[in-house]
Structures are given as C-alpha cells and as structure tokens.
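# Descriptive structure summary
Next come the chains, spelled out residue by residue.
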Amino acid sequence: MTTDAGEMSLTVDELAARAGVTVRTVRFYGSKGLLPPPVIGPRRVGRYGARHLARLALIEELQRQGMTLAAIERYLGQLPSDLSAYDLAIHRAVVASWAPDSVETLSRAELDRRAGRVLADEEVERLAAAGVLVTGDAGDTEGTGGAEDGFRVDTGLLRLGLELLDVPLSQGTVLAAREVLMEHSRAAARELARLFRGEVAERDTRDVRDLSAHIHPLVVQALLTTFQRSLREELSELLSGEGPSGG
C-alpha cells in the first residue's frame, strides 16, 4: 500500500511478499543490521518503504553473485546509510552486470512466489513480451497463462520485469524503450570493441584476458554513470517543461 503522500508503506508481511522472501528472512536481515529498522506506526506496527524493498533486492543480487553473509555485511556497511531507493537500485544494477546469464525453468506457482503475488495472465504475457520469460516447452510466448510445462525465466531480468509491471507506462512504450536500449548498447559495445581491438592485437591470450578483466568493470561503471547523468538531465528538462536539449 501507499500513504496519502504517495510513499510506499508496507507491513513486514507485505514487504516479504513484494521482495519474494520470507518474513523470517526480513527479520533476520534486520537483526544483522542489513536492513534499517521500520518506522513504527499506529498500534506499534512497523512500516517499511521503498528503501527497504530496494535494499532487499540488492542483498538478493549480492547473494546471486555468491557473496557470503559476512561479505554482504561488509559491502552494505560501506554504503551511506541514507541512500535512496533509486541509489540502491543503481548499486544493484552495477552488481547485476556481473551475474552470468541464468535461465531457470519455473512453474507458475514458483513464478508467483518469486513475484511475491499471484500474477494475472495479462502480467505474465507482458513479461513474455518483454523477453523476461518464455513458455518452457517451445518458447512460444502465446498462451503463457496456461503453460503446463512451466516457464523458462531469465532470472537476471525477472526482478526488473516485475518492477516494470508497476510502472504506469503502456506496453508499447516499455517495449520501444527496450529496443532503444538494446540498439544503442550494442552500438556502444561494437565501437568500444573496435577501439580496444588495436590495443590487444599484438598481445597473447592471457594478456588479453587480464586486460578484459580490468576493462569490463571500468566500462560498465562509465556507461552507467554517464547514462545516469544524461537521463537525469533529460528528465529534469521534461519535468521543468523545457524542450529537448538544443530544441
């Protein structure tokens, strides 16, 4: 649920459902200091917000990377305590960029459990259209609501896809945005590969691997940072009523 001011306000049960974890897990993370304490509301009921949900998503991503609980504690301990849900989502995006491609076959019940709620057939179809999942039998995205053999789910995209279901944008806009991102990210990758190709042409295979291991995080961080700043500028102009840059 949300408050009158539009701020997310969840009970511990609602938070656990939205995050796809158990209430016991939420309380355990809280006891370890991985989650900030809830705001105590009327009748002494703890209320959780978007920052708690984003922090749980980051913890989930760190676990997918194989980090131990102690390592996750150290990682989160280095982050400013007042990071917004948006900033936490950026951190999660950086972490997720290192996750290997992971496709799992999930039953409808398991898909609902990961989503934290029972998904409507229309929502499953939107996830299929966005490339998050396909039916487990033939990869046909039609009729996904009644798939008997489960769904082949890109688990790296699942959380993003579920979050997009709550964004008040049309399916056409979401799909068009996906195409724009894919087109330009591939173009950027090709150009960067072209620039680096001359640097590695005379090196042996081991040196190339070492160079790639160093370049990858730097390029990901640079792309994310520059895109984040550019998007913030464009959205600021949009919200302020100004036209596009140079328009």
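Here, the structure is the one placed above.
Residues numbered from 1 in each chain as written. Predicted model: local features only at pLDDT ≥ 70, side-chain atom pairs only at ≥ 80, totals over all residues. Heavy atoms only, no water.

### Considering the packing of aromatic side chains
The full count for this structure, using the stated rule, is one aromatic pair. Ring centres of F28 and Y29 lie 6.1 Å apart, and the angle between their planes is 50°; this geometry places the pair in the tilted category. Look at F28 and you get partly exposed, because its relative accessible area is 38%. (Phe/Tyr/Trp six-rings, centres within 6.5 Å; stacked < 30°, edge-to-face > 60°. Buried < 20%, exposed > 50% of the residue type's maximum accessible area, 1.4 Å probe, protein only.)

### As for a nonpolar patch on the surface
Together, L181, F227, L231, L235, L238 and L239 line one region of the surface with nonpolar side chains, adding up to about 640 Å² of accessible area. Considering every element that reaches the nonpolar patch, the biggest residue donor is helix α10 (residues 205-240), with five residues. Residue placement: L231 occurs in helix α10. (Patch = residues over 30% accessible without salt bridge, like charges linked within 9 Å, V, L, I, M, F, W, Y side chains within 5 Å. Areas by Shrake-Rupley, 256 points an atom, 1.4 Å probe, with all protein chains shown as cover. Salt bridge = Lys/Arg side-chain N within 4 Å of Asp/Glu carboxyl O. Helix = DSSP H or I, 4+ residues; strand = E, 2+ residues; numbered from the N terminus.)

### Focus on the sheet that holds strand β3 (residues 103-106)
Read across the sheet, three strands follow the order β3-β5-β4 without closing on themselves; strand pairing throughout is antiparallel. Here the strands that pair on one side only, and so sit at the sheet edges, are β3 and β4 (133-135). The sheet shows a mean angle of 25° between the axes of neighbouring strands, taken without regard to direction. Inspection of the sheet shows β3 paired to strand β5 (residues 151-154) by four bridges, in the antiparallel sense. In the sheet register, T105 faces β5, and the bridge partner there is R152. In the packing of helix α6 (residues 108-115) onto the sheet, the strands contacted are β3, β4 and β5, and the crossing angle to β3 comes to about 115°. (Pairing = 2+ DSSP bridges. Axes fitted to C-alpha atoms, helices over the stretch in contact; angles between N-to-C directions. Contact = heavy atoms within 4.5 Å.)

### A closer look at the environment of S31
Looking at where S31 falls in the secondary structure, it is placed in helix α2 (residues 23-31). A polar contact of 2.6 Å, which involves the side chain of S31, links it to the backbone oxygen of F28. (Polar contact = N/O pair within 3.5 Å; in protein donor to acceptor, adjacent residues only side chain to side chain.)

### A short note on helix α8 (residues 155-165)
The complete set of buried residues in α8 reads T155, L158, R159, G161, L162 and L165. Buried residues of α8, viewed axially, fall in a sector of 165°; they line one side. (Arc of directions from axis to C-beta.)

### A look at the side chain of S9
Secondary-structure assignment places S9 in the segment before α1 (12-19). A residue is classified by how much of its surface remains accessible, and S9, at 11% relative accessible area, is buried. Within the local environment of S9, its side chain forms a polar contact with the side chain of R47, the two groups lying 3.0 Å apart.

### A short note on the pairing of β5
Of the two faces of β5, the one lined by F151 and V153 is fully buried and the one lined by R152 and D154 carries no buried residue. Examined bridge by bridge, β4 and β5 share three bridges and lie antiparallel to one another. Paired with V134 across the two strands is R152, which belongs to β5.

### Some details on the pattern of salt bridges
Applying the stated criterion across every chain yields a total of seven salt bridges. E110 is paired through a salt bridge with R114; the nearest N and O atoms lie 2.8 Å apart. Residue E110 and its partner R114 are both found in helix α6; the two are separated by four residues, about one turn of the helix. Residue classification places E110 among the partly exposed positions, given a relative accessible area of 22%.

### Quick notes on the packing of α1 against helix α3 (residues 50-64)
In the contact formed by α1 and α3, the axes pass within 10 Å of each other and the chain directions differ by 40°. Put simply, α1 runs oblique to α3. Crossing of α1 over α3 shows right-handed handedness. Along its contact with α1, which presents L15, R18 and A19, the element α3 presents H52, L53 and L56. Split into classes, the residues belonging to the contact of α1 with α3 amount to four nonpolar, one polar and one charged. (Parallel < 35°, antiparallel > 145°, perpendicular 65-115°, else oblique. Left-handed = near helix turned anticlockwise from the far one by under 90°. Nonpolar A, V, L, I, M, F, W, Y, C, P; charged D, E, K, R; others polar.)

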